Amino acid sequence: GDSVTQMEGPVTLSEEAFLTINCTYTATGYPSLFWYVQYPGEGLQLLLKATKADDKGSNKGFEATYRKETTSFHLEKGSVQVSDSAVYFCALSDQSNTGKLIFGQGTTLQVKP
Amino acid sequence: GAGVSQSPSNKVTEKGKDVELRCDPISGHTALYWYRQSLGQGLEFLIYFQGNSAPDKSGLPSDRFSAERTGGSVSTLTIQRTQQEDSAVYLCASSLGLARTDTQYFGPGTRLTVL
């Protein structure tokens, strides 16, 4: 079945460091790919998405490129801030037209001043 | 506009009791989803609705779980004879449709604790 694998956390960085959170997926066909973020005490929010190969999603300084050849959707940010501390979830929506999201396990990011 | 709302935000119940969790989706969204977030299982999909119809209930963990949606709007997730393993955060999401490109918007969740 379809699945999403994320790098294990927690990831601890200093402010202004470069961030990469790895995400790879297994799916048939052409899924859509998403990054959701969950800030402490809050609900899941969409951070960015890409719906076809080579698309780049971007938002709030975060970027991720849909790489079909490597089945990856790694999240990057050039300079993290303390306010980016949160749990990040990679997810896919397959071609079944159910809209069902399959999530990775989540990666906790802690940014220290 | 208003986002997805869920009630209650917290629910503590005793083992064996029934609970009802409510979700109000974004107005105009025809698709509605329930997920469960727990420490051991991560985020798992439970059920989806297109309008008032739930075509596939295979994601529900057991026959103690049921869900309905009325008027193409509000949905209720019911857990009968709750067990301690049901303790989790139950998340509801809605989207315009079921296409893989449609974005799902999540509510704040209901934290269920079964004592």
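So, a few notes on the structure that sits alongside this text. Computed from a predicted structure; not experimentally measured. (Residues numbered from 1 in each chain as written. Chains lettered and ligands numbered in written order. Predicted model: local features only at pLDDT ≥ 70, side-chain atom pairs only at ≥ 80, totals over all residues. Heavy atoms only, no water.)

**Description of the side chain of Gln6 of chain B**
Residue and element names in this part refer to chain B. Within the fold, Gln6 resides in strand 1 (residues 5-7). What makes Gln6 buried here is its relative accessible area of 9%. A polar side-chain atom of Gln6 sits 2.9 Å from the main-chain carbonyl oxygen of Tyr90. Looking at Gln6, its side chain comes within polar contact range of the main-chain nitrogen of Gly109, at 2.9 Å. When residues no more than four places from it in sequence are discounted, the contact partners of Gln6 are Arg22, Cys23, Trp34, Tyr90, Leu91, Cys92, Gly107, Pro108, Gly109 and Thr110. (Helix = DSSP H or I, 4+ residues; strand = E, 2+ residues; numbered from the N terminus. Buried < 20%, exposed > 50% of the residue type's maximum accessible area, 1.4 Å probe, protein only. Polar contact = N/O pair within 3.5 Å; in protein donor to acceptor, adjacent residues only side chain to side chain. Contact = heavy atoms within 4.5 Å.)

**A short note on the interface of chain B and chain A**
Facing the 19 residues of chain B at the interface are 22 residues of chain A. Carbon and sulfur atoms make up 53% of the surface buried where chain B meets chain A, a total of about 1700 Å² over both sides. Three residues stand out in chain B for area buried against chain A, namely Leu43, Arg100 and Phe106 of chain B, and they jointly supply 40% of the buried area on that side. Remark: the boundary between chain B and chain A carries zero salt bridges. Scanning the region where chain B abuts chain A turns up 10 residue pairs in polar contact (both at pLDDT 80 or more). For the side of chain B that touches chain A, the element with the highest residue contribution is strand 5 (residues 42-50) of chain B, accounting for four residues. Its residues assigned to classes, the side of chain B that touches chain A shows 10 nonpolar, seven polar and two charged. (Buried area = accessible area lost by both parts, 1.4 Å probe. Salt bridge = Lys/Arg side-chain N within 4 Å of Asp/Glu carboxyl O. Nonpolar A, V, L, I, M, F, W, Y, C, P; charged D, E, K, R; others polar.)

**Some details on the sheet that holds strand 6 (residues 65-69) of chain B**
Residue and element names in this part refer to chain B. If you walk across this open sheet you meet the four strands as 1-3-7-6, and the pairing is antiparallel. What marks the edges here is a single partner per strand, and that holds for strand 1 and strand 6. Between one strand and the next, the sheet's axes are offset by a mean angle of 15°, whatever the strand orientation. The sheet contact formed by strand 3 (residues 19-24) and strand 7 (residues 75-79) spans five bridges and is antiparallel. From the neighbouring strand, Glu20 faces strand 7, where its bridge partner is Thr78. (Pairing = 2+ DSSP bridges. Axes fitted to C-alpha atoms, helices over the stretch in contact; angles between N-to-C directions.)

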